[in-house]
Each structure stands twice: as structure tokens, then as C-alpha cells.
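This is what each chain is made of:
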Amino acid sequence: MKNKTLIIIVIIAATAAALSLGIYQKRTHQINASLLQIEQLMYERPDSAWKILQHMPSISQLRKEEQALHALLFTQAQYKNYIPVKSDSLLRIAEAYYRTSSDSLHKAWTLFYLAQYYRDSDEKEKALSYFQQANIASRNIENNQFKFLLNLHWANLLSDEDAENKGIEKYQTANKYAILLKDTLKQIDLYGQWGWCCLLTGKYDCADSLFNMGLKLSTSSKMTYYNYLLNCLSLTARERKDYKRALELVNRSLSLAKDSTELYPLWNNKGEILLEMNQYDSAHFYLSKDTRDYDPYFRAAQYKTSSIYEEKMNNLPKALEYSRRYAELLDTIFQEKLESKVVNLQHKYDYSLIQSENKLLKIKRQRLYISLTAICMAVLTVAVIFFYKRREEKRKLAEQMRSKDDLMKEMRLQLQEKTIDLHAAQEKIIEKETALDKELSQREKMRSEYSSKEAAMRKEILRHSEIIRKMEQLNKMSQQDKIQSRSVVLSDEEQDNLAEVINICYNNFTDRLWKKFPTLTKADISLCCLIKIGISNSNMLYLLDTSKVALKKRKNRLKHDKMGMDENDSLDEFIMEF
């Protein structure tokens, strides 16, 4: 009877395990097939691939291989649909898997998109490193599409980093793969980007040649790139001061433009050409037609151009106003970049928390898949254990009774030994605490002596400084002599020496100040140094050869505009405590 019961339990457990395994394998096959279909769809219909990926199961519910492919395809779909990638967390999942995988193609794509992400995040060194790794990973694969994109984006980054020779080499490699692909649009796009890099670096002959090569391939004026390349040639002519040809090219481009997205840059280009030709009314007409303001970089360029226009029209107040707006907008752009980096760091931190939670969910899911098997095995194990336990229970009980007294004696002896060890350990701790107190006392004494010596050394260094000599000279002069004498005014060299002395005496004071407030000038640093050593405002007037009103304005400008302090904050207290 007992044997029949055990056989039934084993059969039930095996059946449950087989069903669980079959369901799991079927689901895995379906997910793999879906991901492969999305990958094939990505090149022709990236928007559809993106929509399908958004409705896929959460990445935490997939196996490692599926997680890696899903993360790669998700990021690829974002780039192909021009959706900003705000975190590298998904790519990190793919990288962790493909680093040790034999799948060279997916590994290369992962490294390529990591390079793209770090390039967009303005981490150029990381981007170059990942482009190099992607190139190494793609050596043994035959995918001209990938190699074209890799070399094109790599070349653009190298050109931005002033590595023109290496950039040209990558452009040439990208052109070779574009020819192999027999894709005219890719060649035109390559010549446009390559020519633009040459234009930015002042290589106008090279830019002209590349733009013209692109135009030759754009056999029809209806092609998207034709109008763009004409405008690029116009920009090159403008940089060469060949305004007649520049106008001819931009007018051709204007005659072919179809909508405002094409017309805006052409109007702006023509306006700037006319401005440089001193045709102010015409320039103003075309510049005012470019109403783009969705991008702060466009607005900054417009403010700069407007400032030049107003200056040439001798309208200096408006020119100054546009210059001020231009400077303020640049500050805003810089601040937004800093805030964006902080947000990216926060996203990474938040994602790390989510990833930890996902790992816990994954563990729970895995436990769910094996729960039936575990339960069945547990039931079988309990039955066997119960059988042997009942048989051995009486014997163990008798042995426990016999060994109880021996165990109690042994425990008493162990307790006595541990008590002795505890007393010994307490004595050692007391000795160590005494020695530590003595050592701390000695270190405190040494620190006090060091502080005294440091103060004395600082005083001695300052005593030999030129500023002290001039202070003594000021103290001996009458008020009339102070006003008339020029000998007490600090020269530029003396101000530089003062900054070096203060830097030495006050823990790199000027270096730290400049690092925290990079817009400070040498004159601002000199004023901060005088405040740091306690020079009064009345003496500063003679040392800096200025008036009370001018000194007050300098301090207010330093306090509000460059250090961003509130009205209730004290500049002198801040400098003394910095």
C-alpha cells in the first residue's frame, strides 16, 4: 500500500514538471520569434518596430538573451525614430550579455549605439573608445550597411575633435562602403556631411569639391539634398567673400524651396550675405523673415546677427541690447546643459533601483516556474524522511538521554573557558583604549603646533609681500600725499604676485575661486585677494587707484553678476571664509 502511494506521488510530480517546462519553452520560442521579426522590420519600417516594442512584455520578464536583444532593438528604434535616448541603462544590459557572446553583429551594434549615446551626451572620449571597440567587433562580419554608418559617425566625431586626418580616413572608408551598397542617397549624404566638416575647419576648396560631387549625384533638382547642397556652396562662397556667387547660389536654392523648413535657413543665409555687403535694408528684410525660435541656438545666432546689423546701422543701444540677450542666452544654454547632465545622473540612479527591483521580480518568476516541481519533490522527500525518522526516533531519544549529562558537563567547561577569555579580552581592550587616547593626545598636540607654524609662516610670507610695504607706506603718508602719490598704486605685476602669495598662504585660494567662478577676471581676483588679507576699503582706493563709487560698483558687480549672491549676503564675509 505504501509503495503504491509513493509511485502515485512520483508520477504526479513528474507530470507537473513536464507541463511547466513545456509551457516555459513555448513562451520562450514565441518571444524569440517576435524579436527576430522586429529586427527584420527595423530597417524598412522603424516606426512600426518601435510601436511593437512598446507593447512587448517587460524586459524583467525575459531571459538574458532576450533581454539583450530587446534592449538593443529598443535603443535602435529610438535612434531611427529620432527619439532622444536619455539613459544608457538598456544598452548596458545588452553590452553585459554580448561582451562574452559569439554574436559579433549584435555586439558591434551595441557598441556602436553606446558610442552614439556618449557622443550625444558630450562625453567624447568614451564615444571614441566605443567607436574603436565597435570597429574591432565588426572585423569578421559582412555588413556594409553597419560599416558605412560606423565610419560616417566616427568621422563626424573625429572632425569635431580636430582630428581631421583621421576623420578624412574614416570618411573615405564610409564612401567605399556606400559605393559597395550602390546607395546614391547615402553617398550624397556622406559628401554633404564631409563637406560641412571641411567648411567648418576652413578648407573651402575641399568643401566646394565635396558639395559639387554631391550635386552631380543629385541628378534631379527635385531630390531632397539638391537644395541643401546649393545652400552649402553658397555658405562656402560667403566665407570666401565671393558675395556675388553666394547670392547666385542662394537665389537658385530659394527658387527650388518648397516649404518654410527649407526657406528659413536660406532667408537667414541671404540676409547675412547682404549684411556683409552693407545692403542693410535688404539684409533686415530677409533676416526678419527667419522666425525660428524653437531652438535656443537659433535664437542666439539671431541675436548675434541682429547685434551686428544694429551696430552697422550705428544704433548702438539696440546693438548692445542684442549683445546682452546673446550673452544671457549662451549662459542659459550652458546652465541647461549642466541641469541635463544632473537629470541624466538621476535617471541612471533611478534606473539602478528599478534594475534591482527587476532582478527580484525575475527571481520570483523563476521560482514560480519551478514551484510545482519543487512542491512535488518536497512531498516525496518529506515522505521518505518521515519513514526513516520514525524508525530512528526511539534510538535517538535513548542516545540523547545518555548523552545529556555529558553535554551539560561539557557546556559548563566551555562556559568557564569563555569567561576567562572574555576577561582577558576586556583587559586588552582597556590597554588599547589607553594607548589610543595617548596617541590622539599626541596628534592633537602636533596638529596645534602645525597650525601655529602655518600661521607664522603665512604671516612671514605676507610680511615680505609688496602689498605690506605699500600698506606701511600708506600709513606714513598724509591724506594729501595719498591722493597725489602714484607710488602706492599696485601694478599688474604686483597684483599677479599678490595672487600667487595669497594662493600659497590660503590653500590655493585663487585657484579654488577661479574654478568655482570661471567668469572672474584678474582684476576681480586681485580685489578678492585684498579683501582676503583684510585691506580696508579706504586703503583699497589708493592701492587700486579708484573712487569709492567705482569700488562699490565693482564689489556689487562681483557679488551679484559673477558670484550670484543675494542682496543680504556679505561679499567680505564670503571671501574671508572661502
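Anything mentioned here points back to the structure above.
Residues numbered from 1 in each chain as written. Predicted model: local features only at pLDDT ≥ 70, side-chain atom pairs only at ≥ 80, totals over all residues. Heavy atoms only, no water.

Notes on the overall build of the protein chain
Quick reminder of the rule: What counts as a helix is a DSSP run of H or I of at least four residues, what counts as a strand is a run of E of at least two, and both are numbered from the N terminus. Partly exposed describes any residue whose relative accessible area lies between the buried limit of under 20% and the exposed limit of over 50%, with all areas from a 1.4 Å probe on protein chains only and scaled to the type maximum. Contacts between residues were defined by any pair of non-hydrogen atoms, one from each residue, lying within 4.5 Å. In these tables, accessible area is a Shrake-Rupley quantity obtained with a 1.4 Å probe, and a residue counts as shielded only by the protein chains included in the view.
Each helix and strand in the protein chain was counted, giving 25 helices and zero strands. Relative to its 578 residues, the protein chain shows a buried fraction of 35%. Considering only residue pairs separated by 6 or more positions, the protein chain has 56% of its internal contacts joining residues 24 or more positions apart. For the protein chain, the exposed area adds up to about 36,700 Å²; of that, 55% sits on carbon and sulfur atoms.

Brief notes about the packing of aromatic side chains
The line we're drawing: For Phe, Tyr and Trp, rings pair up if their centres lie within 6.5 Å, where Trp contributes its six-membered ring, and each pair is then called stacked (planes under 30 degrees apart), edge-to-face (over 60) or tilted (otherwise).
Here the structure, examined in full by the defined rule, presents 16 aromatic pairs. Between tryptophan 109 and phenylalanine 112 the ring centres are 5.8 Å apart and the planes differ by 80°, which places this aromatic pair in the edge-to-face class. One end of the pair, tryptophan 109, and the other, phenylalanine 112, are both in helix 5 (residues 104–120), three residues apart, so they sit about a helical turn from each other. Accessibility expressed as a relative area gives 3% for tryptophan 109, which makes it buried.

Here's the deal with a nonpolar patch on the surface
Operational definition: Put simply, a patch holds well-exposed residues, over 30% relative accessible area, that have no salt bridge, with like charges counted together within 9 Å and Val, Leu, Ile, Met, Phe, Trp or Tyr side chains within 5 Å. When a carboxyl oxygen of Asp or Glu is within 4 Å of a side-chain nitrogen of Lys or Arg, the pair counts as a salt bridge.
Together, Trp196, Leu200 and Tyr228 make up an exposed nonpolar region whose accessible area comes to about 310 Å². Judged by its relative accessible area of 37%, tyrosine 228 falls in the partly exposed class.

Structural notes on the environment of phenylalanine 146
As for its placement among the helices and strands, phenylalanine 146 is situated in helix 7 (residues 144–160). Of the residues examined, phenylalanine 146 reaches a relative accessible area of 0% and is grouped as buried. Put simply, phenylalanine 146 and alanine 108 are 38 residues apart on the chain and 8.7 Å apart in space, counted from C-alpha to C-alpha. In this structure phenylalanine 146 touches Ala108, Trp109, Phe112, Ala134, Ser138 and Ile141, once residues within four positions along its chain are discounted.

Quick word on empty space enclosed by the protein
Filter applied, for reference: A pocket here means an open set of points on a 1 Å grid, computed over the protein atoms alone, that has protein on both sides within 12 Å along at least five of seven lines. A cavity is instead a set of points where a 1.4 Å probe fits but cannot get out; residues with an atom within 4 Å of a point line either one. Grid points are joined across faces, edges and corners, and a volume is the space filled by probe spheres set on the points. All residues other than Ala, Val, Leu, Ile, Met, Phe, Trp, Tyr, Cys, Pro, Asp, Glu, Lys and Arg, Gly among them, are scored as polar; the first ten of these are nonpolar and the last four charged.
Evaluated as defined, the whole model comprises two cavities of 30 Å³ or more. Its boundaries defined by the atoms lining it, the second largest cavity holds a volume of some 30 Å³. In terms of lining, the second largest cavity is formed by Glu39, Tyr43, Leu72, Leu73, Gln76, His106 and Trp109. Secondary-structure elements contributing two or more residues to the lining of the second largest cavity are helix 3 (64–80) and helix 5. The element best represented in the lining of the second largest cavity is helix 3, accounting for three residues. When grouped by side-chain class, the residues that make up the lining of the second largest cavity number four nonpolar, two polar and one charged.

Section: the state of the cysteines
Using the following cut-off: To count as a disulfide, a pair of cysteine sulfur atoms needs to be within 2.5 Å.
Tallied over the full model, the rule gives zero disulfides. You can see cysteine 197 has no disulfide; the closest cysteine sulfur is in cysteine 198, sitting 7.0 Å from it. By relative accessible area, cysteine 197 is classed as buried at 13%. Note on cysteine 528: no disulfide assigned, nearest cysteine sulfur contributed by cysteine 529 at a separation of 7.0 Å.

Observations regarding the packing of helix 22 (residues 522–532) against helix 24 (residues 548–562)
Axis angle and axis distance: for two packed helices, these are the angle between their axes and the distance between the axes, and together they describe the pair. The line we're drawing: With axes taken as lines fitted to C-alpha atoms, and helix axes fitted only over the stretch in contact, angles between N-to-C directions fall between 0 and 180 degrees. Working definition: roughly parallel below 35 degrees, roughly antiparallel above 145 degrees, roughly perpendicular at 65 to 115 degrees, and oblique for all remaining angles.
Axis separation between helix 22 and helix 24 bottoms out at 11 Å; the angle between their running directions is 105°. Viewed along their axes, helix 22 and helix 24 adopt a mutual orientation that is roughly perpendicular. Contact with helix 22, carried on its side by Ala523, Asp524, Leu527, Cys528 and Ile531, involves Leu551, Arg554, Lys555, Leu558 and Lys562 of helix 24 and no other residues of that element. When the residues that make up the contact of helix 22 with helix 24 are grouped by side-chain class, the tally is six nonpolar, no polar and four charged.

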